[in-house]
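Residue-level structure breakdown
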Amino acid sequence: MRGMGNMQGMMKQMQKMQKEMGQTQEALNNTEFIGKAANDLVVVTMTGDKKMKDIAIKPEAIDPDDVDMLQDLIIMATNEAMTEIDKQTQAQMGKFTKGLPF
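This is a predicted model, so every value here is computed, not measured.

The alternating pattern of strand S1 (residues 32–37) places Phe33, Gly35 and Ala37 on a buried face and Glu32, Ile34 and Lys36 on a face that is not buried. Inspection of the sheet shows S1 paired to strand S2 (residues 42–47) by 6 bridges, in the antiparallel sense. Each bridged residue has a counterpart across the sheet, and for Ala37 the counterpart in S2 is Val42. Counting the residues in the hairpin turn of S1 and S2 gives 4 residues, including Ala38, whose phi is positive at 40°.

This is how it looks when you write it as structure tokens:
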């Protein structure tokens, strides 16, 4: 019977951790992450759930004769924002998996 109390305690801990994980993920999803490229010629704002919320392109980044450059700037800014999301997600969510055997 003693093992049942232990099991209930573990279940309560797991439920608490699950609730905290959900709250942490929700907070991350509501956080804005900004990626910038080349002197802020392109600035991308994304949410933690990797949805683009805004993109700002300075007029000097727009050269009709060099569309490839603008495309590269957009990719660069987007990738920077995504990297920041991944770093912050790992930092915040990693605390829940630290020490767990997988």
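From this point on, the discussion continues.
Here we come to the pattern of salt bridges. This structure, assessed with the given rule, holds 5 salt bridges. In this structure, Glu20 and Lys16 form a salt bridge, with 3.9 Å as the shortest nitrogen-oxygen distance. In this pair, Glu20 and Lys16 both sit in helix H1 (residues 2–30), 4 residues apart, roughly one turn of the helix. With a relative accessible area of 54%, Lys16 lands in the exposed category. Residue Lys53 pairs with Glu32 through a salt bridge whose shortest N-O separation is 2.4 Å. Here Lys53, found in strand S3 (residues 52–57), pairs with Glu32, found in strand S1; they are 21 residues apart in sequence, far enough to count as distant. Overall, Lys53 belongs to the exposed group, its relative accessible area being 52%. What makes Glu32 partly exposed here is its relative accessible area of 43%.

What follows deals with helix H2 (residues 67–97). Counted at 1.5 Å a residue, the expected span for H2 with its 31 residues is 45 Å, and the 44 Å between its end C-alpha atoms agrees. Of all bends in H2, the biggest is about 30°, found at Ala91. Among the residues of H2, those classed as buried are Leu70, Leu73, Ala77, Thr78, Ala81, Ile85, Met93, Gly94 and Phe96.

Moving on: the sheet that holds S3. Here we have 3 strands laid out as an open sheet, ordered S1-S2-S3, and antiparallel in their pairing. Each edge of the sheet is formed by a strand with only one pairing partner; in this case those strands are S1 and S3. Taken pair by pair, the neighbouring strands of this sheet meet at an average axis angle of 15°, ignoring direction. Strand contacts of H2: S1, S2 and S3, with the helix running at about 145° to S1, the strand carrying the most contacts.

This part is about unusual backbone geometry. Not every positive phi belongs to a glycine, and Ala38 is a case in point at roughly 40°. Within the secondary structure layout, Ala38 lies in the loop between S1 and S2. Using a relative accessible area of 37% as the deciding quantity, one classes Ala38 as partly exposed. In this model, Asp40 sits at a positive phi of 65°, which is unusual for a non-glycine residue. Tracing the sequence through the fold places Asp40 in the loop between S1 and S2. Residue classification places Asp40 among the partly exposed residues on the basis of a relative accessible area of 32%.

Thresholds applied
Residues numbered from 1 in each chain as written. Predicted model: local features only at pLDDT ≥ 70, side-chain atom pairs only at ≥ 80, totals over all residues. Heavy atoms only, no water. Buried < 20%, exposed > 50% of the residue type's maximum accessible area, 1.4 Å probe, protein only. Helix = DSSP H or I, 4+ residues; strand = E, 2+ residues; numbered from the N terminus. Pairing = 2+ DSSP bridges. Salt bridge = Lys/Arg side-chain N within 4 Å of Asp/Glu carboxyl O. Expected span 1.5 Å × (residues − 1). Bend = angle between axes of the 7 residues up to and from the residue. Axes fitted to C-alpha atoms, helices over the stretch in contact; angles between N-to-C directions. Contact = heavy atoms within 4.5 Å.

No statement about biological role is implied by the geometric values presented.
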